[in-house]
Amino acid sequence: MISIPQLYELYLQHQQVQTDTRNIQPNDIFFALKGPNFNGNAFAQDALNKGAAYAVVDEAPNQPNEKILMVENVLQTLQQLALHHRKQFSIPFLAITGSNGKTTTKELINAVLSSHYICYTTQGNLNNHIGIPLTILRIKKDAQIAVIEMGANHQKEIAGYCTYTLPTHGIITNCGKAHLEGFGGIEGVRKGKGELYDFIRDNKGTIFMNADYDYLWNMSNNITERITYGTQNADIIGNIAGTNEMLAVQITKGTNEIKTIHTHLVGEYNLPNVLCAVAVGKYFNVPEEKIKTAIEAYQPNNSRSQLIEYNNNHIILDAYNANPTSMKAAIENFAKIPSQHKIVMIGGMMELGADSVYEHQQIVNLLQQFNWQAVILVGGDFKHVNHPYLYLEDSIAAADWFKNQHLNNTYVLIKGSRSMQMEKILNK
């Protein structure tokens, strides 16, 4: 068995770590992870054949090979190696979690900090028990700050991530109706997300907190270093400026030079994300001109709050994920757009447990408060609720419907949980 210090010495010589043989490059280290439907140990030799310097396994190979390194548990070794690497740094490690907005917030913060520092951050959505250690292991010695996104769908998960991330600063964007099945209700969500505050509190760190949410004040009791942002009574105060398609934010407190920020983000629900990025930038002494420029230059992707011009129509594509909280915000924001031609196409919301049908019915009830040109409900528990709208089984059927409408100068909201793949509506 190889020890963590021994493995770390090899890692310092081969600092690219992979868990998928399809991504192997020469001199990478391959970690043979196991899952419900795969066993990475079976691919160790394949990784070496593709040029990997070493393969870390927890099952003895058929043929001894000095490049195959045995450990007790590959996943735990990956996490322990990440912890060992993390301990080599004395820089700020900022952890972000929350039910909604954490990826957009992370991207905005990274844009702001990267304008002034060498900043490493979570790539894409690698925010779980595998992605977080991989993110940490990608941090090079020139790093001046790191921003780590943490996703979770059950309690004790964030606490586990903190044991090898060791965050010095923390952000909980919000605690909404997401992953209710795993967390066991909204109080379980707050308890689970609050594990980040628990770690920060115990280690005398600093949080950036949305002062508009009373529950975050309660959750952050006894955290002495607290930087606040929001629409009132905060260190950084800002509000919506204008009613354009793209979000514009007016900063009224906390900055000297930043007055208005014109973003490429759709939706008033992105206001807290922008204010958080401003608060983080100010705290870390990023010049205000750089903060403003970085936020205004940020272009959303990956189906998050994107405004797309499509065949002379205006598509709001926000289909990376969905839960009752984010769905409500998206619909209410869409209703404010001044157009007579608006179509809503929304997919089912997952991981809501016993509340699922009720929450889908609440979304339908909300939709009925507004006038739409059409509403298309796609899959999930929309199948089991009372509604006057067109129901389709999946995004392929929705794409066929959309293609046959021959729309012109129409606004279309497309949103749904990741598994619904609502972006396929535009790909057919």
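Note that the structure is predicted; figures quoted are calculated from it, not measured. (Residues numbered from 1 in each chain as written. Predicted model: local features only at pLDDT ≥ 70, side-chain atom pairs only at ≥ 80, totals over all residues. Heavy atoms only, no water.)

### Digging into the pattern of salt bridges
Then step 1. For the coordinates displayed, the defined rule picks out 15 salt bridges.
Then step 2. Residues Lys106 and Glu107 are paired through a salt bridge, measuring 2.8 Å at the closest nitrogen-oxygen approach.
Then step 3. For Glu393, the salt bridge identified is with Lys383, shortest N-O distance 3.7 Å. Here Lys383 lies in the loop between strand E19 (374-378) and strand E20 (390-392) and Glu393 lies in the loop between E20 and helix H15 (395-403), a separation of 10 residues in the sequence.
Then step 4. What emerges from the salt-bridge pattern is a single network uniting Lys34, Asp58 and Glu59. (Salt bridge = Lys/Arg side-chain N within 4 Å of Asp/Glu carboxyl O. Helix = DSSP H or I, 4+ residues; strand = E, 2+ residues; numbered from the N terminus.)

### Things to note about the domain arrangement of the chain
Then step 1. Segmentation of the chain into domains returns domain 1 (4-73), domain 2 (89-297) and domain 3 (306-426).
Then step 2. The straight-line distance from the C-alpha centre of domain 1 to that of domain 3 is 43 Å. (Domains from an automatic or database assignment.)

### Remarks on the side chain of Lys102
Then step 1. On the secondary structure map, Lys102 appears in helix H4 (residues 102-114).
Then step 2. The contact partners of Lys102, leaving out residues within four places of it in the chain, are Ile96, Thr97, Asn127, Glu149, Met150, Gly151 and Thr173. (Contact = heavy atoms within 4.5 Å.)

### Considerations on the pairing of strand E18 (residues 342-347)
Then step 1. Within E18, six of the six residues are buried, which leaves it mostly tucked inside the rest of the structure.
Then step 2. Of the two faces of E18, the one holding Lys342, Val344 and Ile346 and the one holding Ile343, Met345 and Gly347 are both buried throughout.
Then step 3. Looking at chain direction, E18 and strand E21 (residues 411-415) are connected through five bridges and run parallel. If you follow Ile346 over to E21, its bridge partner there is Lys415.
Then step 4. In this structure, E18 lies alongside E19, joined through five bridges in parallel fashion. Bridge pairing links Ile346 to Leu377 in E19.
Then step 5. Crossover handedness for the path E18 to helix H14 (residues 356-367) to E19: right-handed. (Buried < 20%, exposed > 50% of the residue type's maximum accessible area, 1.4 Å probe, protein only. Pairing = 2+ DSSP bridges. Right-handed = clockwise from strand over helix to strand, strands pointing away.)

### Concerning the sheet that holds strand E11 (residues 206-210)
Then step 1. If you trace the nine strands from one edge of the open sheet to the other, you get E8-E9-E7-E10-E11-E12-E13-E14-E15, paired in mixed fashion. The open sheet terminates on both sides in strands that have one partner only, identified here as strand E8 (119-121) and strand E15 (260-266). Direction aside, neighbouring strands of the sheet carry axes that sit 20° apart on average.
Then step 2. Pairing geometry for E8 and strand E9 (residues 145-149), over three bridges, is parallel. The residue of E9 that forms the bridge with Cys119 is Ile145.
Then step 3. Sitting on the sheet, H4 touches strand E7 (93-97), E8, E9, strand E10 (169-172) and E15, and the angle it makes with E9 is about 170°. (Axes fitted to C-alpha atoms, helices over the stretch in contact; angles between N-to-C directions.)

### Looking at the UniProt feature "domain: Mur ligase C-terminal" (unreviewed entry) in the chain
Then step 1. The UniProt record marks residues 304-417 with the feature "domain: Mur ligase C-terminal" (unreviewed entry), using the residue numbering of this structure.
Then step 2. End-to-end, the C-alpha atoms of residues 304-417 are 12 Å apart, and along that stretch the chain is 29% helix and 26% strand. (UniProt positions renumbered as here; feature names shortened; annotations may be inferred.)

### Overview of the pairing of E19
Then step 1. The buried fraction of E19 is high, at five of five residues.
Then step 2. Of the two faces of E19, both are covered, the one formed by Ala374, Ile376 and Val378 as well as the one formed by Val375 and Leu377.
Then step 3. Sheet analysis places E19 next to E20, joined by three bridges and oriented parallel. If you follow Leu377 over to E20, its bridge partner there is Tyr391.

### Digging into the packing of helix H8 (residues 186-193) against helix H9 (residues 195-202)
Then step 1. At their nearest, the axes of H8 and H9 sit 4 Å apart, and the two run at 35° to each other. Contact with H8, carried on its side by Lys191, Gly192 and Lys193, involves Glu195, Leu196 and Tyr197 of H9 and no other residues of that element.
Then step 2. Taken together, the residues of the contact of H8 with H9 break down into two nonpolar, one polar and three charged. (Nonpolar A, V, L, I, M, F, W, Y, C, P; charged D, E, K, R; others polar.)

### Looking at the nonpolar core
Then step 1. Core analysis: the largest hydrophobic core is formed by 75 residues, its most contacted members being Phe31, Ile331, Ile346 and Leu367.
Then step 2. Formed by 34 residues, the second largest nonpolar core is a distinct cluster that contains Val112, Ile145, Ile171 and Ile291. (Core = buried A, V, L, I, M, F, W, Y, C linked by side-chain atoms within 4.5 Å.)

### Concerning the sheet that holds strand E5 (residues 54-57)
Then step 1. Strand order in the open sheet made by the four strands is E1-E2-E5-E6, with parallel pairing throughout. On the outer flanks of this sheet lie strand E1 (17-18) and strand E6 (68-70), each paired with one strand and no other.
Then step 2. Here two bridges tie E1 to strand E2 (residues 29-31), and the two strands are oriented parallel to one another. Bridged to Val17 within E2 is Ile29.
Then step 3. The strands that helix H1 (residues 4-13) touches are E1, E2, E5 and E6; relative to E2, the one it contacts most, it runs at about 130°.
Then step 4. The sheet strands contacting helix H3 (residues 74-86) are E1, E2 and E5, and the helix crosses E2 at an angle near 130°.

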